[in-house]
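Observations on chain architecture
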Amino acid sequence: MTRSATHSTTGRVQPRSYSDWPSALFLSSVLINTILISICTNPWFLAPLMLLQGLLLTGCQEAKHLCAHGTFIGNRNVSDAIGTACAALVGQNFFAFRYFHLAHHPVPCTEADPEGPLYARSWRTRWIWLLAPLEVPWVAWHLTRTGWSMVPRAKRARRNAAFVWWVVFALSIAVGLRHAPRTVAVAYLIPLALSAWFDFILTQAEHYGVAIAPASCRRPQGSIANDIALPFGLGWVLLHRSLHRTHHCEPALRWFEVARRIETDPTAAPIGYIAFVRRWLTDGPRLWLTDRGSRANANVPIRAQSGRRT
Ligand SMILES: [Zn+2]
Ligand SMILES: [Zn+2]
């Protein structure tokens, strides 16, 4: 059995020994850019720094996702700590997200996919793109509420610790808004809104246009997910977050290996970001529909996956 086949049904991988420097470089970039924004007073420099911060925050969301799979950083405890911090940036509990997401991997676009209730409740209007920043806390609430009970008993202390960290982070933002509102706004809140608008399309694209199948249905992972090609090397800033099809096929890949893998995959057919935006504006938001166009069931697994190594 190949490495990819071994992991394609669980999405949870055991990292091999490898260099962590690309991930460390990304985290350093986030730190440096945050410091630069904090001390910058020239609006001509501040604007591009805030735009970059928005992209880096999108990359932080991908870092959280990679930490859930254990492929961002080799050390498990460091990986969980980074995942916890990155999840808190968008109001999520990392461990709830991890088990929510691992439940998605083997059953994407089926009635057993825990993402179902999110898309089943989606508004049909394209105007929801404008509301993307408001969707951040809504998605955080849904993910955390659904994934909370999916965390195995042995990991619940870490889940609860991540909740404490979430509270500490939220209080820090509140204190920051009181004493240094400009810094919090330009380094976090405004870039977070920019990130939400940009990332909204990427999350819509992940399984866009795929009909929802019965829970027992299994289709090739490569046939039910999309890769989005980003311009100007943006993929490296976003840790190749947009290559969701390749990720589903080989969740064990390190993020910096994904771009090379897609070049050697004859079945890959990435869609340009702008081309997908045009398609989305024509066809509308992703909904939870069967191949007949009727509303599909959206069930959520609630049992903790206690037998899986985490
Ligand atoms: Zn994943
Ligand atoms: Zn997916």
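Per chain, residue numbering runs from 1 following the sequence as it is written. Chains and ligands are labelled by the order in which they are written, letters from A for the one and numbers from 1 for the other. pLDDT decides what is reported in this predicted model: residues at 70 or higher carry local features, side-chain atom pairs at 80 or more are listed and counted, and totals for whole chains, interfaces and linings draw on all residues regardless.

As for the overall build of the protein chain
What counts, and what does not: By definition, any uninterrupted DSSP run of H or I lasting at least four residues is a helix, any uninterrupted run of E lasting at least two residues is a strand, and each is numbered from the N terminus. Here the globule rule is a power law, 2.2 Å times the number of residues to the power 0.38, and the radius of gyration is based on C-alpha atoms. In this scheme the burial state of a residue depends on its C-beta neighbours within 10 Å: 20 or more other such atoms mean buried, 12 or fewer mean exposed, and anything in between means partly exposed; the C-beta positions come from the backbone. Here, residues touch in the contact sense if the C-beta positions derived from the backbone fall within 7 Å of one another.
What the protein chain contains, in helices and strands, is 13 helices and two strands. Against the 2.2 N^0.38 benchmark of 19 Å for 310 residues, the protein chain shows a C-alpha radius of gyration of 19 Å, consistent with a compact globule. When its C-alpha atoms are laid out on the principal axes, the protein chain stretches across 55 × 45 × 40 Å. The 310 residues of the protein chain split such that 38% are buried. Restricting the contact set of the protein chain to residue pairs at least 6 apart, pairs at least 24 apart contribute 73%.

Let's talk about the packing of helix 7 (residues 132–148) against helix 9 (residues 181–205)
Our working definition: Only C-alpha atoms enter the line fits that serve as axes; for helices the fit covers just the stretch in contact. Angles between N-to-C directions range over 0 to 180 degrees. Throughout, the term roughly parallel applies to angles under 35 degrees, roughly antiparallel to angles over 145, roughly perpendicular to angles from 65 to 115, and oblique to all others. Throughout this entry, Asp, Glu, Lys and Arg are counted as charged residues, while Ala, Val, Leu, Ile, Met, Phe, Trp, Tyr, Cys and Pro are counted as nonpolar. The remaining residues, Gly among them, count as polar.
Packing of helix 7 against helix 9 leaves a shortest axis separation of 8 Å and a crossing angle of 85°. Classified by the interaxial angle, the pair formed by helix 7 and helix 9 is roughly perpendicular. Counted together, Ala132, Pro133, Glu135 and Val136 of helix 7 and Ala193, Ala196, Trp197 and Phe200 of helix 9 form the full contact between these two elements. Of the residues assigned to the contact of helix 7 with helix 9, the class counts are seven nonpolar, no polar and one charged.

Points about the nonpolar core
Here is the rule: Each nonpolar core consists of buried Ala, Val, Leu, Ile, Met, Phe, Trp, Tyr and Cys residues. Their C-beta atoms, within 7 Å, join them into a set.
Among the nonpolar cores identified, the biggest contains 46 residues, and Ala63, Cys67, Ala96, Phe97, Tyr99 and Phe100 are the most heavily contacted of them. For this core, the elements supplying multiple residues, two or more each, are helix 3 (43–69), helix 4 (76–89), helix 5 (94–104), helix 7, helix 8 (156–179), helix 9 and helix 12 (255–263). Of the residues forming this core, the biggest block, eight residues, is contributed by helix 5. In terms of nonpolar packing, the next biggest core, distinct from the first, is built from six residues, Cys109, Tyr119, Ala213 and Ala296 among them.

Digging into unusual backbone geometry
Even without being a glycine, cysteine 109 presents a positive backbone phi close to 60°. Residue classification places cysteine 109 among the buried residues on the basis of 24 C-beta atoms within 10 Å. Although it is not a glycine, histidine 240 adopts a positive phi angle of roughly 55°. Considering the arrangement of structural elements, one finds histidine 240 in the loop between helix 10 (234–237) and helix 11 (244–249).

Details of helix 7
Inclusion rule: What a helix is expected to span follows from its residue count: subtract one and scale by 1.5 Å.
Here helix 7 is 17 residues long and its end C-alpha atoms lie 24 Å apart, about the 24 Å a rise of 1.5 Å per residue gives. Packing partners of the buried residues in helix 7 comprise helix 5 and helix 9.

What to know about the environment of leucine 192
Examined against the element boundaries, leucine 192 turns out to sit in helix 9. Sequence separation of leucine 192 and threonine 282 is 90 residues, and the distance between their C-alpha atoms is 27 Å.

Considering the confidence of the model for the protein chain
Close inspection of predicted coordinates is inappropriate for parts of the model with low pLDDT. Heads up, the condition is: The pLDDT value tells you how sure the predictor is about a given residue, anywhere from 0 up to 100.
Looking at the protein chain as a whole, its pLDDT mean stands at 89, while 91% of the residues score no less than 70. The model gives residues 1–12 a pLDDT under 50, and that stretch makes 26 contacts with residues more than four places away or in other chains. Long-range and interchain partners of residues 304–310, a stretch whose pLDDT sits below 50, account for 15 contacts in this model, where long-range means more than four residues apart.

Concerning the packing of helix 5 against helix 8
Axis angle and axis distance: for two packed helices, these are the angle between their axes and the distance between the axes, and together they describe the pair. Contact geometry of helix 5 with helix 8 gives a least axis separation of 7 Å together with a crossing angle of 125°. Looking at the two axes, helix 5 sits oblique to helix 8. Across the interface between the two elements, Phe94, Phe95 and Ala96 from helix 5 touch Arg158, Arg159 and Ala162 from helix 8. For the contact of helix 5 with helix 8, the per-class residue count stands at four nonpolar, no polar and two charged.

Focus on the environment of proline 152
In this fold, proline 152 is placed in the loop between helix 7 and helix 8. Under the C-beta neighbour-count criterion, proline 152 is labelled partly exposed, with 17 such atoms within 10 Å. As a C-alpha pair, proline 152 and phenylalanine 95 span 57 residues in sequence and 9.6 Å in three-dimensional space.

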